[in-house]
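The residues making up each chain are set out below.
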Amino acid sequence: MKYFSHSGGKLLTDHIANILKYDEQDELFKLTSKWHDCGKVSDSFQSYITQAAATNDGHSVASALLFLLSNINGSDLATQKHILFIFITILCHHGRLKKYHNITDKTLIDKTEQSTVRLIDNILSKQDAAEFFGFRQFDEKHKRSIGFNNDELTFTIQDYADFKLLFSKLIFADKYEAIFNAAYTKPKLELSIAGLADYKSRLPYSQERRQAADIILSNYSLNKGSRLFTLTAPTGIGKTLISLELALNIQSDRNYERIIYTIPFTSIIDQTAEIFEKIYPEKVSVHHHKTDFTRNNADETNNDYDRQKYITESWSGGFILSTLYQLCFALLSAENSDNIKFQALRKSVIIIDEVQAIHPYR
């Protein structure tokens, strides 16, 4: 099967193979990755990507519908739920997440534009693509009967997290592969506890700070199985460094991939970044709505600007310093640019500094 996914002669099969490597243990992700760009085998997209045509008919809607038509019929409710997650992920992977009840019902295909129907027919005519993806051949009656039993499908908060994670993993791996032309490799966290200890040894000695750190780390040792820790201490006791030391211990014990340090206010984020940079030079990735990605002549020629911007905004580094707003956006937003960070929350130590600044009624 020789179809292109991007300009420059990148094969669709290579693009899919690189994305799959992001998480080869997740069967839903593997299925989503395989199908997410199946609409690109159309004549219109191939003409567009090889610059033989100025525009194309798009591929996300066709890809989602082809996945749905080929996988939904006869499925039990649990499987239908997973198929729904994949369908919405594919449909929205280049844009904003849409509400489930707004895009799935018994007249889904009837509401589809005729241009999309023709696009699907064109894709189904390609035998090599049909064999690779596993397209089902179906008649118009089959198309018209597709849908979900909305009354019987129920969802939990775990379903919300699972769906958000699936969507985030696909859009992250898809964009990463397109920008870097390679499979994603996990960051190597290079933040040693010894480095922090060396920095602290050069600060003026404070017995109160040392005692506070000893008590906190001792309590952690007695409660290592806990998932949530709170740190309450008076101003000036050194909570920033103590919380970082605690996070480094958690990361080491659990073999987590990154540390995410969030602060409610952008007014103090630069001050905190300056401290962390002294401890771990060039290891801190600062991200908030005012983050400036300065483009210079060298960057314009080697794509360093796009890569740096993407790594920062997707929280791909090993040590992230950001705002509480950005964390909330990752958890709750429907925007593509916010959801791309959700996958980074897995296997991460997340610190919320100045948590008392959160108003309990907002």
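Residues numbered from 1 in each chain as written. Predicted model: local features only at pLDDT ≥ 70, side-chain atom pairs only at ≥ 80, totals over all residues. Heavy atoms only, no water.

All right, on to the overall build of the protein chain then. Scanning the protein chain for helices and strands turns up 18 helices and six strands. Every one of the 362 residues in the protein chain was classed for burial, and the buried ones make up 46%. For the protein chain, the accessible area works out to roughly 19,100 Å², and carbon and sulfur atoms hold 50% of it. (Helix = DSSP H or I, 4+ residues; strand = E, 2+ residues; numbered from the N terminus. Buried < 20%, exposed > 50% of the residue type's maximum accessible area, 1.4 Å probe, protein only. Areas by Shrake-Rupley, 256 points an atom, 1.4 Å probe, with all protein chains shown as cover.)

Mapped onto the fold, Ser 322 is located in strand β5 (residues 319–323). Of the residues examined, Ser 322 reaches a relative accessible area of 0% and is grouped as buried. Ignoring anything within four residues of it in the chain, the contact list for Ser 322 reads Tyr 261, Thr 262, Ile 263, Ile 269, His 287 and Trp 315. (Contact = heavy atoms within 4.5 Å.)

Below, the discussion takes up helix α14 (residues 269–279). Looking at α14, one finds that the buried residues are Ile 269, Thr 272, Ala 273, Phe 276 and Ile 279. The arc enclosing the buried residues of α14, seen along the axis, measures out at 115°, which places them on a common side. Away from its buried face by more than 90 degrees, α14 exposes Gln 271 and Lys 278. In this structure, the buried residues of α14 make contact with α11 (193–201), α13 (239–254), β3 (258–263), β4 (285–287) and β5. (Arc of directions from axis to C-beta.)

Turning our eyes to something else, we now look at the packing of α13 against α14. Remark: α13 packs on α14, axes separated minimally by 12 Å, with the N-to-C direction vectors making an angle of 50°. Our classification of the angle between α13 and α14 gives oblique. Between α13 and α14 lies a crossing of right-handed hand. Across the interface between the two elements, Thr 240, Leu 241 and Leu 244 from α13 touch Thr 272, Ile 275, Phe 276 and Ile 279 from α14. (Axes fitted to C-alpha atoms, helices over the stretch in contact; angles between N-to-C directions. Parallel < 35°, antiparallel > 145°, perpendicular 65-115°, else oblique. Left-handed = near helix turned anticlockwise from the far one by under 90°.)

This part takes up the nonpolar core. Trp 35, Leu 66, Phe 133 and Phe 135 are the most contacted members of the largest nonpolar core, which totals 48 residues. Listing elements by their share of this core, those giving two or more residues are α1 (12–20), α2 (27–35), α4 (60–71), α5 (77–92), α7 (114–124), α8 (127–133) and α10 (157–180). Counting residues in hydrophobic clusters, the runner-up holds 31 residues, among them Leu 191, Leu 241, Tyr 280 and Val 284. (Core = buried A, V, L, I, M, F, W, Y, C linked by side-chain atoms within 4.5 Å.)

What follows deals with unusual backbone geometry. Of note in the backbone geometry, Asn 181 takes a positive phi value of approximately 55° without being a glycine. With respect to the helices and strands, the residue Asn 181 is situated in the loop between α10 and α11. The exposure class assigned to Asn 181 is exposed, which follows from its relative accessible area of 52%. The residue Asn 255 is not glycine, and still its phi comes out positive at about 55°. Among the secondary structure elements, Asn 255 is positioned in the loop between α13 and β3.

This brings us to the packing of aromatic side chains. Taken as a whole and judged by the stated rule, the model has 22 aromatic pairs. Pairing Tyr 22 with Tyr 184 gives two aromatic rings, centres 5.6 Å apart and planes at 40°, and the pair type is tilted. Of the two residues, Tyr 22 sits in the loop between α1 and α2 while Tyr 184 sits in the loop between α10 and α11, which places them 162 residues apart along the sequence. Of the residues examined, Tyr 22 reaches a relative accessible area of 9% and is grouped as buried. Since its relative accessible area comes to 13%, Tyr 184 is described here as buried. Plain terms: the ring middles of Tyr 220 and Phe 229 are 5.5 Å apart, the flat faces sit at 65° to each other, and that makes the pair edge-to-face. (Phe/Tyr/Trp six-rings, centres within 6.5 Å; stacked < 30°, edge-to-face > 60°.)

A sheet is described by the order of its strands in space; here four strands give the open sequence β4-β5-β3-β6, paired in parallel fashion. Of all strands in the sheet, those bounded by a partner on one side alone are β4 and β6 (348–352). Within this sheet the neighbouring strands show an average axis-to-axis angle of 20°, counted without direction. Note: β3 against β5, five bridges, orientation parallel. Bridge pairing links Thr 262 to Ser 322 in β5. (Pairing = 2+ DSSP bridges.)

Right, let's get into the pairing of β5. For β5, the buried fraction is high: five of the five residues fall into the buried class. Burial along β5 is two-sided: the face carrying Phe 319, Leu 321 and Thr 323 and the face carrying Ile 320 and Ser 322 are both buried.

Take the environment of His 6 next. Its location among the elements puts His 6 in strand β1 (residues 4–6). A polar contact of 2.9 Å, which involves the side chain of His 6, links it to the side chain of Ser 5. (Polar contact = N/O pair within 3.5 Å; in protein donor to acceptor, adjacent residues only side chain to side chain.)

As a further point, take the packing of α2 against α10. Across the interface, α2 lies against α10 with an axial gap of 10 Å and an inter-helix angle of 45°. One way to sum up the angle between α2 and α10 is to call them oblique. Crossing hand, α2 versus α10: right-handed. Here Leu 28, Phe 29, Thr 32 and Ser 33 of α2 come into contact with α10, specifically with Leu 166, Lys 169, Leu 170 and Ala 173.

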